[in-house]
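# Overview (structure and organization)
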Amino acid sequence: MPVPCPEAGVRAARRALLGRGMRPALLPLALLPLLLWPAPAPGARDREVFCGACRALMDEVEYDVAKARQKKTKVGSYRINPDGTQERRKIPLAQSEAFLTDLLDKVCKRMNDYKLEEDPETKERSFKRFAPRKGDKIYKEFKKFFFYSDAYRPLKFACETIIEEYEDEIFSLIAQEADYLADKLCSEKSDLCEASSANHTEL
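This structure is a prediction, so every number in the text was calculated from the model and none was measured.

To continue, consider a negative patch on the surface. Residues Glu97, Asp105, Glu167 and Asp168 make up a contiguous surface patch of negative charge. Those elements giving two or more residues to the negative patch turn out to be helix H4 (97-106) and helix H6 (152-175).

Shown next, in the form of structure tokens:
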């Protein structure tokens, strides 16, 4: 059975009561808490989810980019050789626009590998990866079973939203071969996460 939305209940109650010509002063006391229920701000975002999604996104990007830096790929240039062929050169795979575009198109699917955990001492909550990565020894055994994370849907939505809004910044950070990508995008560039003493800054 779907859970009723408090905001929808407020609107319905107001329409019904005002339609009967009842003034707020005459409303039954039992309905006052419903009418006074604070409506969520339009476009409000769950900071915990968006911060977690941003850090998970950039951790995944950094992992794939680090592997890709060990490889090279051929790309074409606008220069045409005298024989009519296009000049091609090798560049690090991590700097390939095709590689980065493909990575950002698929990376949000990995949000199912994360779950929300709470530190028993500090009570701080954060999203942590619980699934092994492809290539890990236990990956094949792990993939024989299906694990669904409750955090998947909101994290995936937040991940896709962040890429849509900050794609240029992500490309720029990778092109600069910046370190600590999560700190730079999530705290410095987007302010999706609060800066902390654990964040890294370059001297």
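Let's shift gears to the pattern of salt bridges. Opposite charge on two side chains permits them to pair, given that their charged atoms come into close proximity. Going through the model one piece at a time under the given rule, you end up with 11 salt bridges. Close ionic contact of Arg125 with Glu48 constitutes a salt bridge, the shortest N to O distance being 2.7 Å. Note that Arg125 is positioned in strand E4 (residues 125-129) and Glu48 in helix H3 (residues 47-68), a separation of 77 residues in sequence. The class of Arg125 is partly exposed, set by a relative accessible area of 44%. Judged by its relative accessible area of 28%, Glu48 is partly exposed. Across the salt bridge formed by Lys156 and Glu160, the nearest N and O atoms sit 2.7 Å from each other. Here Lys156 pairs with Glu160, and both are found in helix H6, just four residues apart, close to one helical turn. What makes Glu160 partly exposed here is its relative accessible area of 37%. Among the charged side chains, a network of salt bridges with common partners joins Glu60, Asp64, Arg110, Asp113, Arg129 and Arg133.

The subject of this paragraph is the nonpolar core. With 40 residues, the main nonpolar core has Leu57 and Ile162 as its most contacted residues. Counting only elements with at least two residues in this core, the list comes to H3, H4, H6 and helix H7 (181-189). If you tally residues by element for this core, the top one is H3, at 11 residues. The contact partners of Ile162, leaving out residues within four places of it in the chain, are Phe50, Ala53, Cys54, Leu57, Glu167, Leu185 and Leu192.

Criteria and thresholds
Residues numbered from 1 in each chain as written. Predicted model: local features only at pLDDT ≥ 70, side-chain atom pairs only at ≥ 80, totals over all residues. Heavy atoms only, no water. Patch = residues over 30% accessible without salt bridge, like charges linked within 9 Å, V, L, I, M, F, W, Y side chains within 5 Å. Areas by Shrake-Rupley, 256 points an atom, 1.4 Å probe, with all protein chains shown as cover. Salt bridge = Lys/Arg side-chain N within 4 Å of Asp/Glu carboxyl O. Lys, Arg positive; Asp, Glu negative; His and termini not counted. Charge placed at Lys NZ, Arg CZ, Asp CG, Glu CD. Helix = DSSP H or I, 4+ residues; strand = E, 2+ residues; numbered from the N terminus. Buried < 20%, exposed > 50% of the residue type's maximum accessible area, 1.4 Å probe, protein only. Core = buried A, V, L, I, M, F, W, Y, C linked by side-chain atoms within 4.5 Å. Contact = heavy atoms within 4.5 Å.

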